[in-house]
Amino acid sequence: MRSAILAGQAEHTVPADVLASFPELADSDLPFDTDYRVGMLGNGLRYIVRSNATPPERASVRLWVDFGSAAEGEDERGYAHFIEHMAFNGSTNIPEGEMIRLLEREGLAFGADTNASTGFDTTLYKLDLPRNDLELLDTALMLMRETAGNLIFDDEAVEREKGVILSERRVRDTYQLQSTVDNLSFLYPGSAVSNRMPIGLTETLQAADGDALRALYQRHYRPENMALVIVGDFAADVMEAAIQEWFDDFEGPPRLDPPTFGPVDTALSGQSRIFLDPALSERVDVSRHGDWLDEPDTFASRRDSLMRQIGYAIVSRRLQRISRQEDPPFRGARLGTSEFFREGRTTTLSVQAADGQWSQALAAAQQEYRRALEFGFTQGEIDEQLANARTAFENSVDGAATRSNAAFVSTALGLLRNDRVPITPEAGLAFFEAVAPDLNPVSVMAALAAHLVPLNDPLIRFVGRTAPDGGETEIRSAWETSQTSRIIAGDIVEAAPFAYTDFGAPGEVVADVVDERLGIREVRFANGAMLNLKRTDLDEDSVAVLINIDGGDMLDTRDNPLATAMFSNLLSGGLGAHTLDELQTALAGRRAALRMGSAAETFFVSNVTTPDDLELQLQLMTAAIADPGFRPTGEEQYQRGIDNYFARLSATPSSSLGAQIGAIESDNDPRFSLSPREAFAELSFAKLREDMIERWRNGAMEIAIVGDIDEDQAIDLVAATLGTLPDRESEFRPYEEERVRSFTADRSARTLYHDGEADQALLTMRWPTRDDRGDLIESTRLSLLGRIVRLQLTDTLREELGQTYSPSVQSSQSAVYPGYGVFRVTAQIETGDIAETRSAILATLASIRDDGVTDDMLVRARRPMMESYDNALDTNGGWMGLVDRAQTQSDRIDRFMRMAEALEGLNAEDVRQTALQYLDPDTRLEITVIPRPAPDQ
């Protein structure tokens with residue numbers, strides 16, 4: 001394989017039949033992965049199919065259109081995205097509104113399984129099929145064929161959808177979008193991209209009609225401008241034949257020339273801009289443009305790309321190391337070069353600063369950037385990045401047999417969008433092994449220097465809450481002053497070996513049984529640690545590990561509500577023998593890491609590793625439990641993050657609600673209310689240690705390992721690591737007092753305020769329900785009711801009234817707090833639509849309470865839930881949801897196994913009775929979020 005991929009071959013390694021469909025690959029010498037079946041119909045429509053059985057009996061279907069907002073005319077802005085919406089609103093053979101309903105009856109949930117997206121350059125339609133029966137594939141392709149050429153754009157349907165799109169634009173019109181638009185106009189003035197955001201303009205959207213949308217649709221929805229991608233548990237011949245059956249009759253004129261996305265002015269320099277918003281933390285971006293490097297996908301171009309990626313990674317690693325210092329000069333920084341479609345490239349040094357500290361942050365980042373270019377890299381730095389890269393290539397080979405549909409779809413889209421040749425994981429590893437010996441400080445720096453655009457007289461953009469005193473002049477002066485400072489070579493960082501490999505005598509296994517319900521193996525050690533194991537073949541070379549330790553948010557009391565607030569940042573303090581930065585270097589090339597957090601009942605530590613690295617992963621987790629570092633270096637970063645969080649509390653209606661809803665629902669219970677900023681300022685790792693260390697060291701511990709494992713070997717590895725820890729409690733504490741949680745009895749209407757756009761409002765209604773600990777049938781009724789209310793509100797608010805982009809309905813029954821649950825209905829709307837939206841929500845709920853629901857509505861709500869249940873154990877993640885507490889919450893397995901029967905047994909009258917029981921309009925808690933009035937109002 002290695003010799004087959006080496007450059008300089010006289011023959012093409014892309015097969016002739018592939019080149020017939022993708023002539024852009026003619027210059028490639030890479031070995032095309034022929035398990036991708038590609039072809040082109042007589043009308044010019046291309047397709048890529050691949051048979052794949054992970055997950056089993058599932059499939060993904062994509063219709064890719066080489067058309068996005070950049071191709072719109074001046075008076076068509078937003079129409080590419082509008083067309084995407086209209087694909088769900090009527091075609092020659094599907095009445096308006098029936099496409100989504102048809103898919104729901106087949107078990108596809110709108111949003112999760114049925115969706116679409118529009119970018120600057122492409123539009124993508126997505127269907128994820130929960131079953132691999134041929135009738136469902138036929139239905140999916142029929143719908144894609146309707147989308148490709150049979151949309152009708154009825155004027156009345158356009159008017160109804162117009163309100164939905166305007167609502168989506170209103171919801172997205174936040175400080176982030178406004179900053180993005182400003183940045184594009186600064187970097188690429190006069191470009192199509194800066195003037196063609198996919199969401200469009202209010203005035204052009206309001207002017208849209210069926211004729212205008214149809215004209216744009218017919219210009220770009222042409223066979224030669226489209227491709228189909230199908231990946232799933234079907235034979236490739238079956239998928240190919242189905243495409244031919246449905247799309248052979250699709251006719252249209254040849255594709256148009258691609259649009260221009262720029263221009264990209266490579267001479268643009270010396271300009272500065274300031275963009276301010278109260279919700280934005282300080283950041284300075286320094287950029288320059290260069291020509292697009294037209295590099296066919298070949299062995300040589302991938303070699304150059306790997307070398308420069310290593311170079312960028314080393315610079316970013318240096319910047320990361322600085323950000324982890326005590327009292328660092330910046331919160332974060334990165335150097336990178338991005339392609340601007342196929343028209344240019346842009347190098348940017350981006351620096352995040354604490355408020356008022358932009359100048360020192362910019363100087364520190366600039367000096368590190370200059371240091372890299374002047375003094376180069378060390379072999380040790382290259383070796384660290386090579387180790388990470390080698391591991392990624394090797395893991396791809398080891399997991400090749402169980403790659404997901406999503407991974408194959410992503411590769412297919414890379415071929416369509418970027419002419420990137422799909423190669424096998426084995427070919428990828430052979431490429432790496434062939435190139436790796438050539439990577440050294442000289443070659444890596446040469447590749448980086450050839451790709452990076454020098455930041456001479458750059459474009460400088462400042463974003464933040466407050467402008468620098470000297471404005472744009474001061475920003476540029478700071479850059480130029482730092483540019484003249486003397487740079488010296490940095491210190492060489494030596495990698496220390498991982499210090500935690502021997503924990504003494506292995507722990508003793510005192511119990512080892514198999515739960516016959518799902519085949520979960522349950523082990524107990526003499527020190528009290530519990531281990532649950534489930535071997536699967538769903539994801540080759542992948543092992544998920546999750547540890548639950550007693551405590552978590554149960555330690556957040558009324559007197560000490562922020563006890564665990566900093567726990568998720570604990571790793572920033574490193575381990576006793578390693579700083580976080582040293583740990584990252586020591587673990588280079590290994591798939592071992594820590595994800596830590598505080599959940600409702602437990603602290604958790606988790607990661608996904610490999611069979612080869614499982615021992616190291618368990619050693620790392622054991623070290624985190626036995627010897628956490630608690631260094632204060634991460635405290636400053638945490639406090640700066642809290643500053644930014646509080647600055648954004650009222651930036652949008654949803655953030656304002658999120659900041660205050662806990663206190664409203666809980667009658668100001670400190671555990672569920674946002675504490676004042678001053679309380680967060682008093683937090684430290686020293687306080688965190690005082691609050692949690694006793695539980696961390698002594699609390700009950702339940703370990704779950706799921707995936708590609710040898711169970712006996714895994715038990716031995718746990719015995720040698722977590723099994724050696726000092727004795728722990730054998731049961732999780734009940735926390736009876738901490739589990740008391742109530743929903744406010746004060747249901748008076750509330751009005752909250754936000755500081756976003758003046759046309760944005762939010763209306764939410766909430767009812768207390770019940771927990772998820774007892775009656776499975778009643779809990780399932782509430783979940784089904786939630787689905788039904790969402791479907792009917794979507795029909796009413798979105799499709800009929802066009803008032804909200806995405807009405808939200810959630811029925812949450814707590815498994816932690818006895819008797820506690822909340823049913824929520826939320827709509828983000830225009831300020832003037834509050835009264836009409838309130839009436840529509842109440843009328844919808846009244847209809848369900850008084851008249852019940854149709855059998856069709858019941859099917860549309862229940863079928864996706866059933867499909868989700870049927871596919872729940874097709875992934876390691878699904879298994880982990882049952883394995884993690886198999887010993888201490890065994891009843892969850894019983895509930896899971898009874899769920900299908902419970903769901904199938906529900907009928908329309910059950911839904912109506914549940915609505916009558918819980919959704920009384922007179923007992924609702926209603927909250928409206930509106931723009932904050934001016935001080936004189």
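Small disclaimer: the values here were computed from a predicted structure and weren't measured. (Residues numbered from 1 in each chain as written. Predicted model: local features only at pLDDT ≥ 70, side-chain atom pairs only at ≥ 80, totals over all residues. Heavy atoms only, no water.)

### Some thoughts on the domain arrangement of the chain
- Split into domains, the chain comes out as domain 1 (33-248), domain 2 (272-396 + 419-484), domain 3 (509-724) and domain 4 (750-931).
- Between the C-alpha centres of domain 2 and domain 4 there is a distance of 45 Å. (Domains from an automatic or database assignment.)

### Quick notes on the confidence of the model for the chain
- This prediction gives the chain a mean pLDDT of 95; 98% of its residues lie at or above 70.
- Across residues 1-10, where pLDDT falls below 50, the model places 20 contacts with residues more than four positions away in sequence or in other chains. (pLDDT = per-residue confidence, 0-100. Contact = heavy atoms within 4.5 Å.)

### Re the sheet that holds strand S4 (residues 114-118)
- Across the sheet, which stays open at both edges, the 6 strands sit in the order S1-S2-S6-S3-S5-S4 with mixed pairing between neighbours. Whereas interior strands pair on both sides, the edge strands pair on one side only; in this sheet they are strand S1 (37-40) and S4. The average undirected angle you get between the axes of adjacent strands in this sheet is 15 degrees.
- In the sheet, strand S3 (residues 59-65) pairs with strand S5 (residues 123-129) via 7 bridges, with the strands oriented antiparallel. Following the sheet pairing, Leu63 is matched in S5 by Tyr125. (Pairing = 2+ DSSP bridges. Helix = DSSP H or I, 4+ residues; strand = E, 2+ residues; numbered from the N terminus. Axes fitted to C-alpha atoms, helices over the stretch in contact; angles between N-to-C directions.)

### Digging into the packing of helix H14 (residues 379-398) against helix H16 (residues 425-435)
- Put simply, H14 and H16 touch, their axes get as near as 8 Å, and they point 155 degrees apart. As far as their axial angle goes, H16 and H14 are roughly antiparallel. Once H14 is placed against H16, the crossing between them reads as left-handed. On H16, the residues touching Leu386, Ala389, Arg390, Phe393, Glu394, Ser396 and Val397 of H14 are Pro425, Glu426, Gly428, Leu429, Phe431, Phe432 and Glu433.
- Tallied by class, the residues present in the contact of H14 with H16 amount to 8 nonpolar, 2 polar and 4 charged. (Parallel < 35°, antiparallel > 145°, perpendicular 65-115°, else oblique. Left-handed = near helix turned anticlockwise from the far one by under 90°. Nonpolar A, V, L, I, M, F, W, Y, C, P; charged D, E, K, R; others polar.)

### Side note on the pattern of salt bridges
- Here the structure, examined in full by the defined rule, presents 72 salt bridges.
- With a shortest N-O distance of 3.4 Å, Arg324 and Asp581 are connected by a salt bridge. Taken as a pair, Arg324 in the loop between helix H12 (299-323) and strand S9 (332-340) and Asp581 in helix H19 (residues 580-586) lie far apart in primary sequence, 257 residues in all.
- Judged by its relative accessible area of 25%, Arg324 falls in the partly exposed class.
- Residue class for Asp581 comes out buried when judged on its relative accessible area of 10%.
- Glu729 is paired through a salt bridge with Arg733; the nearest N and O atoms lie 2.9 Å apart.
- The class for Glu729 is partly exposed, based on a relative accessible area of 24%.
- The exposure class assigned to Arg733 is partly exposed, which follows from its relative accessible area of 36%. (Salt bridge = Lys/Arg side-chain N within 4 Å of Asp/Glu carboxyl O. Buried < 20%, exposed > 50% of the residue type's maximum accessible area, 1.4 Å probe, protein only.)

### Digging into a negative patch on the surface
- Residues Glu394, Asp398, Asp539, Glu540 and Asp612 make up a contiguous surface patch of negative charge.
- Along the chain, the position of Asp398 falls in helix H14. (Patch = residues over 30% accessible without salt bridge, like charges linked within 9 Å, V, L, I, M, F, W, Y side chains within 5 Å. Areas by Shrake-Rupley, 256 points an atom, 1.4 Å probe, with all protein chains shown as cover. Lys, Arg positive; Asp, Glu negative; His and termini not counted. Charge placed at Lys NZ, Arg CZ, Asp CG, Glu CD.)

### With respect to the environment of Asp755
- Topologically, Asp755 is positioned in the loop between strand S19 (750-754) and strand S20 (760-768).
- When the C-alpha atoms of Asp755 and Leu649 are compared, they prove to be 9.1 Å apart, with 106 residues separating the residues in sequence.
- Leave out the neighbours within four places in its chain, and Asp755 touches Ser650, Ala651 and Arg932.
- At 2.4 Å, the side chain of Asp755 forms a polar contact with the side chain of Ser650. (Polar contact = N/O pair within 3.5 Å; in protein donor to acceptor, adjacent residues only side chain to side chain.)

### Regarding helix H15 (residues 405-418)
- In a regular helix each residue adds 1.5 Å, so 14 residues correspond to 20 Å; H15 covers 20 Å between its end C-alpha atoms and thus fits that length.
- Among all positions in H15, only Asn405, Phe408, Val409, Ala412, Leu413, Gly414, Leu415 and Leu416 are buried.
- Its buried side turned inward, H15 meets strand S2 (46-51), S3, S5 and strand S6 (226-232).
- Where H15 ends, the next residue or the one after it, Asp419, has phi of about 55 degrees, a positive value. (Expected span 1.5 Å × (residues − 1).)

### Observations regarding the nonpolar core
- Counting residues in hydrophobic clusters, the biggest one holds 71 residues, and the most contacted among them are Trp696 and Ile705.
- No other element matches the 8 residues that helix H20 (residues 614-626) contributes to this core.
- When residues of this core are assigned to domains, at least three map to each of domain 3 (509-724) and domain 4 (750-931).
- When neighbours within four sequence positions are excluded, Trp696 is seen to be in contact with Ile549, Phe567, Met596, Phe603, Val605, Ala624, Ile625, Pro628 and Arg728.
- Ranked by size, the runner-up nonpolar core spans 69 residues in total, among them Tyr312, Met445, Leu448 and Leu455. (Core = buried A, V, L, I, M, F, W, Y, C linked by side-chain atoms within 4.5 Å.)

### As for the packing of aromatic side chains
- Tallied over the entire structure, the rule returns 23 aromatic pairs.
- On the numbers, 6.0 Å between centres and 75 degrees between planes, the contact of Tyr36 with Phe408 is edge-to-face. Within this pair, whereas Tyr36 is found in the loop between helix H2 (16-21) and S1, its partner Phe408 is found in helix H15, the two being separated by 372 residues in sequence. Each member of the pair, Tyr36 as well as Phe408, carries the same accessibility label: buried.
- Ring centres of Phe603 and Trp696 lie 5.9 Å apart, and the angle between their planes is 90 degrees; on these two criteria the pair is classed as edge-to-face. In this pair, Phe603 is assigned in strand S17 (residues 602-609) and Trp696 in helix H24 (residues 685-698), connecting sequence segments 93 residues apart. (Phe/Tyr/Trp six-rings, centres within 6.5 Å; stacked < 30°, edge-to-face > 60°.)

### Overview of the sheet that holds strand S21 (residues 808-813)
- Across the sheet, which stays open at both edges, the 5 strands sit in the order S19-S23-S20-S22-S21 with mixed pairing between neighbours. Looking at which strands have only one partner, the edges of the open sheet turn out to be S19 and S21. Shown here is a sheet whose adjacent strand axes are inclined to one another by a mean of 20 degrees, direction ignored.
- Relative to S20, helix H22 (residues 653-666) is tilted by about 25 degrees, and along the sheet it contacts S19, S20, strand S22 (821-830) and strand S23 (925-931).

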